[in-house]
Amino acid sequence: MTGTDAQNKIEDSNIKVAIFASGAGSNAEKIINYFSGYEKVKITLLVCNKPDAGVIKIAEAATIPVLLIEKEQFFRGDAYVEILKEFGINLIVLAGFLWKVPKQLIAAFPDKIINIHPALLPNYGGKGMYGHFVHEAVIANEEKESGITIHFVNENFDEGKHIFQASCPVLPTDTPETLAARIHQLEHAHFAPIIETVIKNLE
Ligand code: GAR
């Protein structure tokens, strides 16, 4: 596909994005703001598994419907595929969503689920490696560099095809909090534009 074809595609299509998030929601907020002026890309739904997550208030302020999900239906029911289809969702963005994505959901949205991870995968990924645990491990290992990875989601935690990486230094004086802040800056700068690129290349 040429650049012009890709541009036509985004203009011709109606992309409905579901953000899955369960934390403070700073990435979700950036994504919502980024696409707020777009006619053809709509952040249609927030999917969340924590009733007290900060991200819920962010979605509500932007009048985006919130779907609160529970474990049983997610892992042993239909993984909410029916509801997502009813909303017409054609892209899922994980922005601080910590549950593993079940096979059923991956099968229903092949190559249409993307995740952001706060480290340079394949390092510091996998089960239990999220948020501050990642930054603690990076600092404990005296890494000189960390970063972000945006990738497609497959059945294994943090192992899907990479879409984008960006790095930043880890300073000797860093705490998990200062490193997290630097990583968040990278995430906020890159996630929404990379989502836009993915959308332009959607089949
Ligand atoms: C982000 O740093 C994201 O990379 C991380 O959770 C944070 C959510 O922050 N995700 C993971 O660790 C997934 N393994 P936010 O709620 O402020 O967007």
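Our structure is the block above this text.
Residues numbered from 1 in each chain as written. Predicted model: local features only at pLDDT ≥ 70, side-chain atom pairs only at ≥ 80, totals over all residues. Heavy atoms only, no water.

## Some thoughts on the packing of helix α2 (residues 26-35) against helix α8 (residues 176-200)
Right, on to step 1. α8 packs onto α2 with a crossing angle of 45° between their chain directions and a minimal axis gap of 9 Å. Classified by the angle their axes make, α2 and α8 are oblique. In this structure, the crossing between α2 and α8 has a hand that is right-handed. Between α2 and α8, the residues in contact are Ser26, Asn27, Lys30, Ile31, Tyr34 and Phe35 and His184, Glu187, His188, Phe191, Ala192, Pro193, Ile195, Glu196 and Ile199, respectively.
Right, on to step 2. Residue composition of the contact of α2 with α8, by class: eight nonpolar, four polar and three charged. (Axes fitted to C-alpha atoms, helices over the stretch in contact; angles between N-to-C directions. Helix = DSSP H or I, 4+ residues; strand = E, 2+ residues; numbered from the N terminus. Parallel < 35°, antiparallel > 145°, perpendicular 65-115°, else oblique. Left-handed = near helix turned anticlockwise from the far one by under 90°. Contact = heavy atoms within 4.5 Å. Nonpolar A, V, L, I, M, F, W, Y, C, P; charged D, E, K, R; others polar.)

## Some points on the packing of aromatic side chains
Right, on to step 1. In the structure shown here, the tally under the stated rule is 11 aromatic pairs.
Right, on to step 2. Ring geometry for Phe20 versus Phe97: centroids 5.2 Å apart, planes at 85°, classification edge-to-face. Highlighted residues: Phe20 in strand β1 (residues 15-20) and Phe97 in the loop between β4 (91-94) and α6 (103-108), separated in sequence by 77 residues. Accessibility classification places Phe20 together with Phe97 in one group, the buried group.
Right, on to step 3. An aromatic cluster is defined as three or more aromatic residues linked by ring pairs; in this entry it consists of Phe20, Phe74, Phe75, Tyr80, Phe97 and Trp99.
Right, on to step 4. Cation over ring: Lys85 sits above Phe109, and NZ or CZ is 4.4 Å from the ring centre. (Phe/Tyr/Trp six-rings, centres within 6.5 Å; stacked < 30°, edge-to-face > 60°. Buried < 20%, exposed > 50% of the residue type's maximum accessible area, 1.4 Å probe, protein only. Lys NZ or Arg CZ within 6 Å of the ring centre and 35° of its normal.)

## Describing the pattern of salt bridges
Right, on to step 1. In total, this model carries three salt bridges according to the counting rule given.
Right, on to step 2. With a shortest N-O distance of 2.6 Å, Asp174 and Arg182 are connected by a salt bridge. Across the pair, Arg182 and Asp174 agree in class, each one buried.
Right, on to step 3. Residues Lys200 and Glu196 are paired through a salt bridge, measuring 3.8 Å at the closest nitrogen-oxygen approach. Residue Lys200 and its partner Glu196 are both found in helix α8; the two are separated by four residues, about one turn of the helix. (Salt bridge = Lys/Arg side-chain N within 4 Å of Asp/Glu carboxyl O.)

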